[in-house]
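What follows is the residue order along each chain.
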Number of protein chains: 8
Amino acid sequence: MKKQGNRLLVGIVMGSDSDLEVMREATLSLEACGITYEMTVASAHRSPEKARKYAESAVARGLEVIIAGAGGAAHLAGVLASQTVVPVIGVPIPSTSLGGLDSLLSMVQMPGGIPVATMAIGRPGAKNAGLMAAQMLSLKYPEIRDKLRQYRDKMRGDVEKKDEAIKKVRK
Amino acid sequence: MKKQGNRLLVGIVMGSDSDLEVMREATLSLEACGITYEMTVASAHRSPEKARKYAESAVARGLEVIIAGAGGAAHLAGVLASQTVVPVIGVPIPSTSLGGLDSLLSMVQMPGGIPVATMAIGRPGAKNAGLMAAQMLSLKYPEIRDKLRQYRDKMRGDVEKKDEAIKKVRK
Amino acid sequence: MKKQGNRLLVGIVMGSDSDLEVMREATLSLEACGITYEMTVASAHRSPEKARKYAESAVARGLEVIIAGAGGAAHLAGVLASQTVVPVIGVPIPSTSLGGLDSLLSMVQMPGGIPVATMAIGRPGAKNAGLMAAQMLSLKYPEIRDKLRQYRDKMRGDVEKKDEAIKKVRK
Amino acid sequence: MKKQGNRLLVGIVMGSDSDLEVMREATLSLEACGITYEMTVASAHRSPEKARKYAESAVARGLEVIIAGAGGAAHLAGVLASQTVVPVIGVPIPSTSLGGLDSLLSMVQMPGGIPVATMAIGRPGAKNAGLMAAQMLSLKYPEIRDKLRQYRDKMRGDVEKKDEAIKKVRK
Amino acid sequence: MKKQGNRLLVGIVMGSDSDLEVMREATLSLEACGITYEMTVASAHRSPEKARKYAESAVARGLEVIIAGAGGAAHLAGVLASQTVVPVIGVPIPSTSLGGLDSLLSMVQMPGGIPVATMAIGRPGAKNAGLMAAQMLSLKYPEIRDKLRQYRDKMRGDVEKKDEAIKKVRK
Amino acid sequence: MKKQGNRLLVGIVMGSDSDLEVMREATLSLEACGITYEMTVASAHRSPEKARKYAESAVARGLEVIIAGAGGAAHLAGVLASQTVVPVIGVPIPSTSLGGLDSLLSMVQMPGGIPVATMAIGRPGAKNAGLMAAQMLSLKYPEIRDKLRQYRDKMRGDVEKKDEAIKKVRK
Amino acid sequence: MKKQGNRLLVGIVMGSDSDLEVMREATLSLEACGITYEMTVASAHRSPEKARKYAESAVARGLEVIIAGAGGAAHLAGVLASQTVVPVIGVPIPSTSLGGLDSLLSMVQMPGGIPVATMAIGRPGAKNAGLMAAQMLSLKYPEIRDKLRQYRDKMRGDVEKKDEAIKKVRK
Amino acid sequence: MKKQGNRLLVGIVMGSDSDLEVMREATLSLEACGITYEMTVASAHRSPEKARKYAESAVARGLEVIIAGAGGAAHLAGVLASQTVVPVIGVPIPSTSLGGLDSLLSMVQMPGGIPVATMAIGRPGAKNAGLMAAQMLSLKYPEIRDKLRQYRDKMRGDVEKKDEAIKKVRK
């Protein structure tokens, strides 16, 4: 059985530092599962070479999952996915004018051949990107599966606490 | 290094047998990567127990990835994902009236905590679901990574052939 | 002719306590019609067993209508409806990015076999969920029909008052 | 305990006879549950008096549920609902240009005060309208509850048959 | 040639007094064209009789144009139009969740037979409703045509002033 | 009281002869009301001078209403409206890719100052454009009001016939 | 004054040979303006190197405009644009499920820094891509401006012919 | 080889001075590339003659590119484009109710024959309009190509700086 140790397993890439506010949710999920990650700003459009090289070298650098956040004509996840067989998880960043529908469609509607595992728009999507990365890695690293189960137990407990609180509201 | 042998690794679940036409694309991708799978009809709404038990027993049965196709208020992927930490890949099936926008939003807009790795609407999405499953499994089974690279080489070759064909059109 | 007495007839379920702000409108409608209700937090995704058991035990517990509020990939109403023949009324909670269009489509586009009686997005929908529950119950409990008629008379009176006020604006 | 006998309990109203193709699904559901119904063509716009009088006289005529199908600026369900406290179930008929999104929004986005229990666009919605009517009536008529349970058992059985069929496809 | 004198020619109807903020724009346009109007709150759903009687008596009361503002499932304009041959101009009021797309579609997608002259969503639409009423009335009352021409001259002048201002910005 | 005689009162303009199939519905409505009209092909983009001169000369030529049909970036109605105070009724022609949502928004979302009386997308909208023109003209020509009332009576009669037919279906 | 001679000035790139049906319209426009072009199949996702090298070498090869057609998550135009300062014109290819809204948003919503000159969805857009390329090139090559003016004269003439034809329809 | 000197090459036109906030981004891009421009307020609807004359005289006045910003039923770019063969770049201004989807569709969905080079909604689109103008002009004026390359180098550098900053966040 494999151990991840503290090797760097997940690369989080975002098109702009303004995406950090949303993408930080992904880091919290990864930390909750004890997974080591790095963060990079690379734009599919403004720094295409940087984005390309990041994806091309992912396998060699030992990255096992890439999480990409981008908004508007959100090409970053697809561009990274086209350069590597490491699974790429996409987070559509909300856009000013269309609320992120553009980001979502640009990311999820990939042509046959190059998949991007697309999450919900915005913070819930970023949170889930970290968890999906953990679920993928848990295939190989059983200790992550344990962390995921604890995470889910905690979620169930939180629902229970909210349920108790809402029942008091009514009294 | 792990070998998958011919163990059953991927479960494809669909809400109705009418989804088979779309979901068959996923089976072609899996076969191209030498991955063994099973197919099941289970509806989140019409047979909720069956769907739940499928997801709950996934780990015990050795399934490492679940692919779920559903249309309209497409709850199947989310319902399966809520019952297991095995990664669930969702394929929005095109709907008669809204072209699959409803299927897509019902699938991708999952709340923080339970991710579904959502693919494009319809056939390209089903094809990519198979490939994304292969990419996830390739983290653990290196022979799948090789298959994926061959698959991509072939795709590149196909583009080249189409390019040659289109250049002849012009003469 | 039946009397409801003060039996608990309506269960209001919401995916998160943050939905309470919207769902409180449903409680006001129920109170206006003299109907006893309870409130529960249960998530289709984060606490699926809790949601399932709630629906499964609804008939035995004497619940005659369930109102469910959820946002984004709003599966809660459908998941509850799949587990009981008690009518389920759905309230799409507005979502941050898409204004609730995702919540609406995830709730209303149910496949043939399992209906969800879907209301408008947000507060007007929650208010109407309470009234629709009252209309359903009025089939059996005539005193609720009387309350509904008084409610409508009051609404008509409110329109009249607003009409008078607007006419003064113009003088 | 009440018996419905063969009293007329459900009125199906549609804006045009061209909606019959979709609305017939509602009649099949009602027949499966042993519920007596009538069908009427009345347009909120082309014959407003007829629509109004239908709703106004519903209680006196013993109708306990109204099902209304309409497309485009689909006002019929709301117009009926504004004239009676009998619960109104709405079926958005698919429109030629916008696939029924206009029908859906015109029907579901009712203002606080007058609810319409909205179903999915088109045939699945019409089928579910009949079932939702049956679920409402089952509060009062226990024999309908039994029919509904048989209906759901049959649905589960159908899923099972499709599952067996799809498994043979793979051999 | 006809003179309007100070007869009441235009009725502005709105579903709620909260629509006044938007609909006031219509009154400004009418006043600019010297047209006398009245304002009424009447809801297609909460006070259907009031709405119906308003439309039915419009011709007898000498109204020559009706302007109706409503939001969400915006049935008011269509309901009025179904009861009178006086032309009805509709203003879709912006809705909280969907920005008024629901209001627009509910108003404009009228079935063949009963037209509503639909304007833009919100304030520009309300302003234009007053101007369209004036354009209709100008067919009969030539003095309104003169006012409209002055109005347009003033608009052109305003553009000219803004153009001059913007040119100074650059210096 | 005015008589229209057989003066030409309505100009129907369309961007392309391919729009004739839809716009013919407008001619049927006008003919039913005994209104004389002409048809013109003029494109806001491909023949802007022709479109402009048409609108500029409308008053001088005695036209009292203009009906304009256009699709996609449907500027024709707005361009005509900007050149004349004759009321312009717009018919959004369905577009190949977006079903006419683009045509509708391009036509209805006019800025404050220049209204276009927008009808439904496609044939029902064209039919209603003819009727709305008749309603506008009926302010001045009482004989048109009579025709409109006959038209509505006939519609009501048609609903009655369809209602009878549907009742026979059920026997 | 520059002459283009028969140098190759425009490169048409498409993601798949299935896009040829739409993109052929661009070639007709270019031929009408006497502009030499080449056609290439290169996919942003399936053959990213080929796409990149095409764009990188565009200036060196003397290309002055690139036209790119792609559908779904249509990244091709943006990916090319990120690699060259040659202007890139994008044609959104209609998609099966969403009619090309996804293609349009993926193409037009480019982030600040890297523009794509986006045309209409489908054939009209492809036709206009050729004309926009000609308009750009006409800045430098006056003989193209002459061709464009002839093209517009012909369009105006075509409108005139259609107008005559439609007038005969009415007789 | 041509020099632009300080001739006026680009005309920026907007429908209202309220669009200046967005359109200023275009001026910054042009200034960064050393291109001289002018700004004009002209409305397709409120001052159609002014808009028409601006476009008609563009070639004579030496303008080589026009940038047009407009919102809602955004006809300005199309109206200008129909009057000149100078390339017109369109910037959809965000609208209050629909976030600019109306502006975008009204601008981009031009019929075959008259192209508008459409940019993203709002500020990023305005910024890119200036850059696209520069890219077009760089075909003729090589010194602009140099400026564009410097601009891109700077963008790449900015990404690098943001990347460094984000890496410090993590330490």
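Criteria and thresholds
- Residues numbered from 1 in each chain as written.
- Chains lettered and ligands numbered in written order.
- Predicted model: local features only at pLDDT ≥ 70, side-chain atom pairs only at ≥ 80, totals over all residues.
- Heavy atoms only, no water.
- Helix = DSSP H or I, 4+ residues; strand = E, 2+ residues; numbered from the N terminus.
- Expected span 1.5 Å × (residues − 1).
- Buried < 20%, exposed > 50% of the residue type's maximum accessible area, 1.4 Å probe, protein only.
- Contact = heavy atoms within 4.5 Å.
- Buried area = accessible area lost by both parts, 1.4 Å probe.
- Salt bridge = Lys/Arg side-chain N within 4 Å of Asp/Glu carboxyl O.
- Polar contact = N/O pair within 3.5 Å; in protein donor to acceptor, adjacent residues only side chain to side chain.
- Nonpolar A, V, L, I, M, F, W, Y, C, P; charged D, E, K, R; others polar.
- Least-squares fit on C-alpha atoms with pLDDT ≥ 70 in both.
- Axes fitted to C-alpha atoms, helices over the stretch in contact; angles between N-to-C directions.
- Parallel < 35°, antiparallel > 145°, perpendicular 65-115°, else oblique.
- Pairing = 2+ DSSP bridges.
- Right-handed = clockwise from strand over helix to strand, strands pointing away.
- pLDDT = per-residue confidence, 0-100.

Undergrad: Quick rundown of helix H6 (residues 142–169) of chain C? Include the residues and the values.
TA: Here H6 of chain C contains 28 residues, and its C-alpha end-to-end distance of 41 Å stays within 8% of the 40 Å for a straight helix at 1.5 Å per residue. Within H6 of chain C the residues assigned to the buried category are Ile144, Arg145, Leu148, Tyr151, Arg152, Met155, Val159, Asp163 and Ile166 of chain C.

Undergrad: Outline the interface of chain A and chain B, listing residues and values.
TA: Contact with chain A, which involves 43 residues of that partner, is made by 43 residues of chain B. Of the roughly 3500 Å² buried between chain A and chain B, counting both surfaces, carbon and sulfur atoms make up 63%. Taken together, the connections running from chain A to chain B amount to zero salt bridges. Connecting chain A to chain B are 21 residue pairs in polar contact (both at pLDDT 80 or more). Only helix H4 (101–108), strand S5 (117–118), helix H5 (123–138) and helix H6 (142–170) of chain A provide two or more residues apiece to the side of chain A that touches chain B. No other element matches the nine residues that H5 of chain A contributes to the side of chain A that touches chain B. For the side of chain A that touches chain B, the per-class residue count stands at 27 nonpolar, 10 polar and six charged.

Undergrad: Quick rundown of the relation of the copies chain G and chain A? Include the residues and the values.
TA: Overlaying chain G with chain A gives an RMSD of 0.0 Å, the required rotation being 180° about an axis along which the chain moves by 0.0 Å. Each copy turns onto its partner about a two-fold axis. The rotation axis passes nearest to the C-alpha of Ser106 of chain G in chain G, at a distance of 2.3 Å. Comparing interface residues between copies, 100% of those in chain G also sit at the interface in chain A, which points to an isologous, same-surface contact.

Undergrad: Before we move on, can you summarise the environment of Asp146 of chain D with the specific residues and values?
TA: Relative to the helices and strands, Asp146 of chain D is located in helix H7 (residues 142–169). Along the chain, Asp146 of chain D and Cys33 of chain D lie 113 residues apart, while their C-alpha atoms are 8.6 Å from each other.

Undergrad: If you had to explain the arrangement of the chains to someone new, which residues and values would you point to?
TA: Contact between chain D and chain G is absent, and the least distance between their C-alpha atoms amounts to 11 Å. Separating chain E from chain G is a minimum C-alpha gap of 17 Å, and the two share no contact.

Undergrad: Can you explain the packing of helix H4 (residues 101–108) of chain E against helix H4 (residues 101–108) of chain F? Please cite residues and give values.
TA: At a closest axis distance of 13 Å, the pairing of H4 of chain E and H4 of chain F adopts a crossing angle of 95°. If you check the angle between H4 of chain E and H4 of chain F, you find them roughly perpendicular. Residues Leu104, Leu105 and Val108 of chain E of H4 of chain E pack against Leu104, Leu105 and Val108 of chain F of H4 of chain F. Partitioning the contact of H4 of chain E with H4 of chain F into residue classes produces six nonpolar, no polar and no charged.

Undergrad: Which residues make up the relation of the copies chain A and chain B, and what values go with them?
TA: Mapping chain A onto chain B calls for a screw motion: a turn of 180° about the axis and a shift of 0.0 Å along it, with 0.0 Å RMSD after fitting. With an isologous cut-off of 70% or more, the 100% of interface residues of chain A that recur at the interface of chain B puts this contact in the isologous class.

Undergrad: So what about the environment of Ile66 of chain F? Which residues, and what values?
TA: Residues and elements named next belong to chain F. Mapped onto the fold, Ile66 is located in strand S3 (residues 65–71). Assessed through its relative accessible area of 0%, Ile66 is described here as buried. When neighbours within four sequence positions are excluded, Ile66 is seen to be in contact with Gly11, Val13, Tyr54, Ala58, Leu80, Thr84, Val86, Pro87, Val88 and Ile89.

Undergrad: Describe the pattern of salt bridges, with residues and values.
TA: Any two side chains of opposite charge can pair, so long as their charged atoms come close to each other. Per the counting criterion, the structure on display carries 88 salt bridges over all chains. Of the charged contacts in the structure, one is a salt bridge between Glu21 of chain H and Arg123 of chain H, with a shortest N-O distance of 3.3 Å. One end of the pair, Glu21 of chain H, is in helix H1 (residues 20–32); the other, Arg123 of chain H, is in helix H5 (residues 123–138), with 102 residues separating them in the sequence. The exposed category is assigned to Glu21 of chain H, whose relative accessible area is 55%. Through salt bridges that share partners, Lys50 of chain A together with Glu160, Asp163 and Lys167 of chain H make up one connected network.

Undergrad: Residues and numbers for the environment of Val59 of chain B, please.
TA: All names here are of chain B. Assignment of secondary structure puts Val59 in the loop between helix H2 (48–56) and strand S3 (65–71). Relative accessible area serves as the criterion here: at 28%, Val59 is assigned to the partly exposed category. Sequence separation between Val59 and Val86 is 27 residues, and the spatial gap between their C-alpha atoms is 6.9 Å.

Undergrad: Describe the interface of chain G and chain A, listing the residues and the values that go with them.
TA: The interface is formed by 24 residues belonging to chain G together with 24 residues belonging to chain A. Roughly 2000 Å² of surface becomes buried between chain G and chain A when both sides are summed, with 60% attributable to carbon and sulfur atoms. For the chain G face of the interface with chain A, the top three residues by lost area are His45, His75 and Gln109 of chain G, together amounting to 26%. Scanning the region where chain G abuts chain A turns up zero salt bridges. For the pair chain G and chain A, the interface holds nine residue pairs in polar contact (both at pLDDT 80 or more). Mapped by element, the contributors of at least two residues to the side of chain G that touches chain A are helix H2 (48–56), helix H4 (76–81) and helix H5 (101–108) of chain G. In terms of residues, the side of chain G that touches chain A owes the most to one element, H2 of chain G, which gives four residues. Among the residues making up the side of chain G that touches chain A, the classes are represented as 10 nonpolar, nine polar and five charged.

Undergrad: Give a description of the pairing of S3 of chain B that names residues and reports values.
TA: Residues and elements named next belong to chain B. Judged by how many residues are buried, S3 sits mostly within the fold: six of seven residues are covered. Strand direction decides the pairing type here: strand S1 (residues 8–14) and S3, joined by five bridges, are parallel. When the sheet's bridge partners are listed, Gly11 is paired in S3 with Ile66. Note that S3 and strand S4 (residues 88–93) share six bridges and pair parallel. When the sheet's bridge partners are listed, Gly71 is paired in S4 with Ile93. Considered for its hand, the β-α-β crossover made up of S3, helix H3 (residues 76–81) and S4 is right-handed.

Undergrad: Describe the confidence of the model for chain A, naming the residues involved and giving the relevant values.
TA: For chain A, the average pLDDT comes to 95, and 97% of its residues sit at 70 or higher. Across the interfaces of the predicted complex, the ipTM metric reaches 0.96, alongside a pTM of 0.97.

Undergrad: Quick one: what's the story with the pairing of S1 of chain B, residue by residue and with numbers?
TA: All names here are of chain B. Taking burial as the measure, the seven residues of S1 include six buried ones, the bulk of the element. Note: S1 against strand S2 (residues 36–41), six bridges, orientation parallel. The partner of Val10 across the bridge, within S2, is Tyr37. Tracing the backbone out of S1, into helix H1 (residues 20–32) and back to the parallel element S2 gives a crossover that is right-handed.

Undergrad: Describe the side chain of Thr84 of chain F, with residues and values.
TA: Assignment of secondary structure puts Thr84 of chain F in the loop between helix H3 (76–81) and strand S4 (88–93). Taking relative accessible area as the criterion, Thr84 of chain F reaches 5% and is therefore assigned buried. Separated by 3.1 Å, the side chain of Thr84 of chain F and the backbone nitrogen of Val86 of chain F make a polar contact. Ignoring any residue separated from it by four or fewer positions in sequence, one finds Thr84 of chain F in contact with Gln135 and Arg152 of chain E together with Ala55, Ala58, Val59 and Ile66 of chain F.

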